[in-house]
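# Fold and geometry: a report
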Amino acid sequence: MLKISNLHVHFDLDGTIVKALCGVTLGVNLKETLVVAGESGSGKTVTALAVTRLLPAAARVTSGEIYFNGKNLLLLEEDALRKVRGKEIAYIFQEPGSFLNPVYMVGDQIMESFLLHQGLPRVEAFAETLRLLELVKIKDSRRVFFNYPHQLSGGMNQRVGIAMSLACRPKLLIADEPTTALDVTTETQILDLLCELKSSFGFSLLFITHNLSIARRIADRICVMYKGQVVEEADAERIFCSPQHFHTKELIHAYQTIGTQ
Amino acid sequence: MIVRAVHISKYFSIEGGVFKRETGLVRALEDVSFSVEEFSTLGIVGESGSGKTTLAKILVQLMAPTKGVVEFDGSKISNFRKDMQIVFQNPYASLDPKMRIKDTLYEPLLIHRLAMPKQLRDKARELLDAVGINEDALGRFPAEFSGGQRQRICIARALATQPKCIILDEPISSLDLTIQLKLLDLLLRLKERFKLTYLFISHNLNVIKYMADSVLVLQGGRIVEQGDMRAIFAHPSHPYTESLLRSARR
Amino acid sequence: MNKLLLVGIAIIGFLSAAAILAPFISPYEPSLIDSASLLMPPSYAHPLGTDGLGRDLLSRIIYGARISLGIGIIAVGISLCIGVIAGSVAGYFGGLADSIIMRSADIMLCFPTFFLILATVAVLEPSIINIMVIIGLTSWMGIARLIRSEILSLREREFIQAAKAIGASHYGIICRHLLPNALGPVFVNATLGIAGAILLESALSFLGLGVQPPVPSWGNILIESKATLGVAWWITLFPGLAIFVTILGFNFIAEGLRKHWGYNA
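A brief report on the enclosed structure follows. (Residues numbered from 1 in each chain as written. Chains lettered and ligands numbered in written order. Predicted model: local features only at pLDDT ≥ 70, side-chain atom pairs only at ≥ 80, totals over all residues. Heavy atoms only, no water.)

Facing the 15 residues of chain C at the interface are 21 residues of chain B. Note on chain C versus chain B: buried area summed over both sides is about 1700 Å², and carbon and sulfur give 55% of it. Contact with chain B buries area across many residues of chain C, yet C:Glu158, C:Ala165 and C:Ile166 alone supply 39% of it, more than any other trio. Scanning the region where chain C abuts chain B turns up one salt bridge. Here C:Arg176 makes a salt bridge to B:Glu107, at a shortest N to O gap of 2.9 Å. Elements represented by at least two residues in the side of chain C that touches chain B include exactly α8 (158-165) and α9 (170-206) of chain C. (Contact = heavy atoms within 4.5 Å. Buried area = accessible area lost by both parts, 1.4 Å probe. Salt bridge = Lys/Arg side-chain N within 4 Å of Asp/Glu carboxyl O. Helix = DSSP H or I, 4+ residues; strand = E, 2+ residues; numbered from the N terminus.)

Structure follows, in structure tokens:
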């Protein structure tokens, strides 16, 4: 469904060129969970952002192709791309606070997508929003609807973020370390929620993490990134049982010795 | 015994109102006692808020305890600031951003008169070599290094005074997993080579298991369990230790 | 290096060079009275014209640069010394020292500085040295506050703790670690302070309590132009322009430095 091939991304930092991605190739199949695992600086976030051309201004895609359901996203017009963003490919990020606007009630922010993208009347949009909040396991959805982001905990905000990204029923959800800022108990809840929603909504999940125990828990396949390249891609079991590349071995060894707390 | 903590307590008072009256008391540490054998590693484990960092600061006398004393074996630790060193958690904050690496390393050598001006460069080079950093780092600034490299430089600075005992306050927890393991291995090698005693503070019991001979479990400022590493791993006696063990085994 | 900083340095560099080289580059003696050419408009012989006593305006402005820039730089130097010492002692040691220093700074800030200077100059005599010292003594408070707040936030950082742990002395910690990290914003502030001091000197001279004639400063050239403003615009325009360009230059440097070092304050 999503196919990234030989993607190169460079950053131009005051004249010095930094190669962030050097030939990344990976694919996400329909309804599968692909985990991109890697340490800081391996290029996993850049890959995620490049998919819908959300890279910062200093970044430049120098070569490569990104196909999504047959369309080359890198060649798409800005208008056409905007329809893909949010509607077909949605994101959730590490800091839920960063994409929730602090001056609006969270309910309004979710409702906005029903009003704008789907043209529902207000009453229906409100009902849809409440239904969505319940789907992400927010119990008193009516109260939460009228809350501002700062009144909610990190875990709650992340649920709101998930609800927001699912409002348009995307075909692909890209989650960039969505649980790193949360404590262990909340992390487990959010991961369970994502897996459950994935089967009920039927989207594909591209999940980015540095945490191998998360990868092990949710992945169908795992992609290991290292220095801007995918060094190994295999079924989750294979990666843990018989890692091939030296960096994967190193990762698994460290994981088994000192865990991921 | 090289260091002994005797009934250490640390309270922080909360002042409130216009007249700064004491309105509350945070008991960061309550009656903490232990001793560390020379050439061994004592692991101190606890979650955030358990008083680990407060304990570290008291041990290196960056903070005074409210009650209790820290005792040293005078035959082994004669000059406290030289023989006892600390490595902090955040490598991005613990190097002076305006100082070149060489000046950061020269500073302890000069303070304790451990090198003649002519030998400074060689000494600094040796220190960097011991922690696996290339000598061309000398002329550079901290901003040019990754977290793992900075932490190695911090370790080199701690080694500069030829200490007997080093307190490691979560030295690896902000780093990537593979880097963490490499640093732990480095610390183990350095311990052998320089005959060091470690007090290793961490929230990760797996890390403590990898490093320590004996362990001390802190919860809410109190010691809930202490003793030999292997014995505690096999038979934890306190429910809190058990829960830590369970999450470590996941 | 950004453009702003370069332009600022170019302006101030040019003016400072003119001030230093004044005896060599000025076409006439600044106080040479030529009764044959009173109030001459700009011409080939007198590029910026002459004043009511027939003195060459260009020469007077070049010599005036010595006085005005000198006062600005030295006055700020004095306030920098006091401010940095007071601020770092207050910030680093805290407690009683902090209270005493910062309360006296508050008291100083409560006085209307300009009238304090006016009164002092009226009692003492308005010599160049007195003016420098007085401006310096009454403008250190902002710098002290800035240094103190920088040091308060740096003091808890781990590299300061690390310096203590390797046995560095208070003096060593302040001079080697705290000041190098705290001085950036202070220099930005001080650069603006020079501009402020030059303006202050001009204002004092304009009121007749600044640099005394016949020594030329930009302020007292301006005041002498007052009487002839209707007939000789150049005597007002050019010293005014000199003050304007200098202040612009220092502001460019301050803004440029701030961008160069990446401060937001």
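Between chain B and chain A, the contact holds 18 residues from the first and 14 residues from the second. Each partner contributes to the roughly 1400 Å² buried at the junction of chain B and chain A, and carbon and sulfur atoms together form 53% of this total. Note that A:Glu250 and B:Lys182 form a salt bridge whose closest N and O atoms lie 3.0 Å from each other. For the pair chain B and chain A, the interface holds five residue pairs in polar contact (both at pLDDT 80 or more). Of all the secondary structure elements, the ones that give two or more residues to the side of chain B that touches chain A are α6 (177-194), α7 (205-211) and α9 (239-249) of chain B. With seven residues, the top contributor of residues to the side of chain B that touches chain A is α6(B). The class makeup of the residues in the side of chain B that touches chain A is nine nonpolar, six polar and three charged. (Polar contact = N/O pair within 3.5 Å; in protein donor to acceptor, adjacent residues only side chain to side chain. Nonpolar A, V, L, I, M, F, W, Y, C, P; charged D, E, K, R; others polar.)

This part takes up the nonpolar core. Core analysis: the biggest nonpolar cluster contains 105 residues, and A:Ile162, A:Phe207, A:Ile222 and B:Ile155 have the highest contact counts within it. Leaving out residues up to four positions away in the same chain, B:Ile155 has contacts with B:Val87, B:Val131, B:Leu183, B:Leu186, B:Leu187 and B:Leu190. (Core = buried A, V, L, I, M, F, W, Y, C linked by side-chain atoms within 4.5 Å. Buried < 20%, exposed > 50% of the residue type's maximum accessible area, 1.4 Å probe, protein only.)

A separate point is the packing of helix α11 (residues 246-258) of chain A against α6(B). Between α11(A) and α6(B), the least distance of the axes is 8 Å, while the angle of their chain directions is 65°. By the angle between their axes, α11(A) is roughly perpendicular relative to α6(B). Seen from above, α11(A) lies across α6(B) with left-handed handedness. Contact residues: A:Glu250, A:Leu251, A:His253, A:Ala254, A:Tyr255, A:Thr257 and A:Ile258 in α11(A); B:Leu177, B:Thr178, B:Gln180, B:Leu181, B:Lys182 and B:Leu184 in α6(B). Class assignment for the residues of the contact of α11(A) with α6(B) results in seven nonpolar, four polar and two charged. (Axes fitted to C-alpha atoms, helices over the stretch in contact; angles between N-to-C directions. Parallel < 35°, antiparallel > 145°, perpendicular 65-115°, else oblique. Left-handed = near helix turned anticlockwise from the far one by under 90°.)

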